[in-house]
Amino acid sequence: MRIVVDPSAPDVEVLRKAVAVLRASGLVAVPTETVYGLGALGTDPVALARVFAAKGRPTTHALILHVLDLDAARPLVAGVPALAERLAAAFWPGPLTMVLPRSELVPDAVTGGGPTVAIRAPSHPVVRALLRLLDAPLAAPSANRYQSVSPTRAIHVERSLGAAVDLVLDAGPCERGIESTVVDLTGPVPRILRLGAVSAEELRAVVGALEVHVHLVDPGVAHASPGLDARHYAPRGRIVFADEAEGGLARAEAVLHAEPGAKIALLLRRPPVAATPPKGCSLRVLGDDPVTYARNLYDALHDADEQGATLLIVEQVPHLPAWAAVRDRLSRASNINET
Ligand code: TXA
Ligand code: MG
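Just so we're clear, the structure is a prediction, and the values are computed from it rather than from any experiment.

Cut-offs applied
Residues numbered from 1 in each chain as written. Chains lettered and ligands numbered in written order. Predicted model: local features only at pLDDT ≥ 70, side-chain atom pairs only at ≥ 80, totals over all residues. Heavy atoms only, no water. Helix = DSSP H or I, 4+ residues; strand = E, 2+ residues; numbered from the N terminus. Contact = heavy atoms within 4.5 Å. Areas by Shrake-Rupley, 256 points an atom, 1.4 Å probe, with all protein chains shown as cover. Lys, Arg positive; Asp, Glu negative; His and termini not counted. Charge placed at Lys NZ, Arg CZ, Asp CG, Glu CD. Axes fitted to C-alpha atoms, helices over the stretch in contact; angles between N-to-C directions. Parallel < 35°, antiparallel > 145°, perpendicular 65-115°, else oblique. Left-handed = near helix turned anticlockwise from the far one by under 90°. Nonpolar A, V, L, I, M, F, W, Y, C, P; charged D, E, K, R; others polar. Expected span 1.5 Å × (residues − 1). Buried < 20%, exposed > 50% of the residue type's maximum accessible area, 1.4 Å probe, protein only. Arc of directions from axis to C-beta. Pairing = 2+ DSSP bridges. Phe/Tyr/Trp six-rings, centres within 6.5 Å; stacked < 30°, edge-to-face > 60°. Lys NZ or Arg CZ within 6 Å of the ring centre and 35° of its normal.

Draft legend 1. A look at the overall build of the protein. Along the protein, the regular secondary structure elements total 11 helices and 15 strands. Each principal axis of the C-alpha distribution contributes one length, and for the protein these read about 60 × 45 × 40 Å. Long-range pairs, those at least 24 residues apart, make up 64% of the contacts in the protein with a sequence separation of at least 6. Accessible area of the protein: about 14,000 Å², with a carbon and sulfur share of 55%. Computed over 33 positive and 36 negative side-chain charges, the separation of the two mean positions in the protein equals 2 Å.

If you want it as structure tokens, here you go:
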């Protein structure tokens, strides 16, 4: 069931209903500022097992626990290092996930049996209101089938997970549109395990030294963070890159000429000058700055799937640090092994 919730004044009755579903080991899809999450009571092994089943995700792939603030995180970890205090002060509530040594309160199902736990305090008012009423950590991976594109709208959740979700709280499109940045604080130097909505530069300004441990590997091979699967965030169609808008349009025309029935999605940063896309080719303009682009990217990938696009022609994005997270998602979506 899907219920619309006004983020500026979440209906308490709806939130109570969501809490009741969660306390009965049910699954509630929740809006966050990054993407929609598939929420389950983080202390309930039955609910956690349902999360993995609904997603089709291997149970070794650890989940993020969502909490209101650092105080709510303290019982879940073995200790809060000074660096975590600084990061929480700078970025929470918000799209930063911290990996810390776990406490015994965290079920094995959350951590994949590992010694660490990933925690974040989201900023979206609906999930925050829910967390206040729930008064417990909410485990929430992105609310999509394993290795498909994360949802930035409630409709994406419904299409991907269907009846496996008991309740979808629909608060409209997600503001950031790309997942949280995951940073590992268990070693001597903080390490980014997944690029995301908080950039490496923003993190570096707070922590100083920072390693970025993000590389593409073959799916199925054991690795530190399953978000690093080479094929992840992937639409059904094949992705190719074009150097600029005009090149993308020319390519679409050539493909349609050779294959008149083809369905093509063209994803550009800016509106094309003069030219219009040929018949059989849809056009989405995603934005010319990385924040706007990230907000629109997954929606455009979902759209392409919905239209049955077999080929996605994507205008290349700049090789600049601010675009790193977007580049990472694009290369995974296309399964291109780039450094
Ligand atoms: O923005 C987000 O983070 C969204 C929203 C719903 O909060 N959640 C999300 O969850 O993207 P998920 O499960 O799709 O991705 C979680 C990432 C994965 O890359 C996972 O491997 C990593 O966090 N992770 C979770 N626990 C970990 C741990 N203990 N150590 C290392 N990586 C961990
Ligand atoms: Mg995910």
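Draft legend 2. Structural detail: the packing of helix H4 (residues 82-91) against helix H8 (residues 200-207). Running from N to C, H4 and H8 point in directions that differ by 125°, and their axes come no closer than 10 Å. In terms of orientation, H4 and H8 fall into the oblique class. The crossing of H4 and H8 is right-handed. Of the residues in H8, those in contact with Leu83, Arg86, Leu87, Ala90 and Phe91 of H4 are Glu202, Leu203, Val206 and Val207. Split into classes, the residues belonging to the contact of H4 with H8 amount to 7 nonpolar, no polar and 2 charged.

Draft legend 3. Spotlight on the environment of Arg327. Among the secondary structure elements, Arg327 is positioned in helix H11 (residues 324-334). Separated by 233 residues in sequence, Arg327 and Gly94 have C-alpha atoms that sit 21 Å apart.

Draft legend 4. Structural context of helix H1 (residues 12-23). Counted at 1.5 Å a residue, the expected span for H1 with its 12 residues is 16 Å, and the 16 Å between its end C-alpha atoms agrees. When H1 is considered as a whole, its buried residues turn out to be Val14, Leu15, Ala18, Val19, Val21 and Leu22. For H1, the buried positions fall inside an angular range of 160° around the axis, keeping them on one side. Structural note: H1 exposes Glu13 and Arg23 on the side pointing more than 90 degrees away from its buried face.

Draft legend 5. Representation of the sheet that holds strand S8 (residues 167-170). Taken together, 11 strands build an open sheet; the order of strands is S1-S8-S2-S3-S7-S4-S6-S5-S9-S10-S11 and the sheet is mixed. A single partner strand is all that each edge strand has here, and the edge strands are strand S1 (2-4) and strand S11 (211-212). As judged from the 2 bridges shared by strand S3 (residues 37-41) and strand S7 (residues 138-139), these two strands associate in the antiparallel manner. Following the sheet pairing, Ala40 is matched in S7 by Ala139. Across the sheet, helix H7 (residues 154-161) touches S1, strand S2 (28-30), S3 and S8, and the angle it forms with S8 is around 160°.

Draft legend 6. Up close: the environment of Ile313. Along the chain, the position of Ile313 falls in strand S15 (residues 311-315). In this structure Ile313 comes out as buried when scored by relative accessible area, which is 0%. On a C-alpha basis, the gap between Ile313 and Val126 in space is 35 Å, while along the polypeptide they are 187 residues apart. The contact partners of Ile313, leaving out residues within four places of it in the chain, are Val240, Ala242, Gly248, Arg251, Ala252, Ile264, Ala265, Leu266 and Leu267.

Draft legend 7. Region of interest: the packing of aromatic side chains. This model, assessed by the stated rule, comprises 1 aromatic pair. Judged by centre distance (5.4 Å) and plane angle (70°), the ring pair of Tyr293 and Trp323 falls under edge-to-face. Taken together, the residues span a long stretch of sequence, with Tyr293 in helix H10 (residues 290-306) and Trp323 in the loop between S15 and H11 at a distance of 30 residues. As far as burial versus exposure is concerned, Tyr293 and Trp323 are alike and both buried. Sitting over the face of the ring of Trp323, Arg269 holds its NZ or CZ atom 5.8 Å from the ring centroid.

Draft legend 8. Summary view of unusual backbone geometry. Between Trp92 and Pro93 the backbone carries a cis peptide bond, its omega angle lying at -5°. The residue Pro93 is located in the loop between H4 and strand S5 (96-101) in this model. Positioned with a positive phi, Ser25 is a non-glycine residue whose angle comes to about 65°. Tracing the backbone through its elements, the reader meets Ser25 in the loop between H1 and S2. Not every positive phi belongs to a glycine, and Asp135 is a case in point at roughly 55°. Position of Asp135 among the secondary structure elements: in the loop between helix H6 (125-134) and S7. On the basis of relative accessibility, which here comes to 68%, the residue Asp135 falls in the exposed class.

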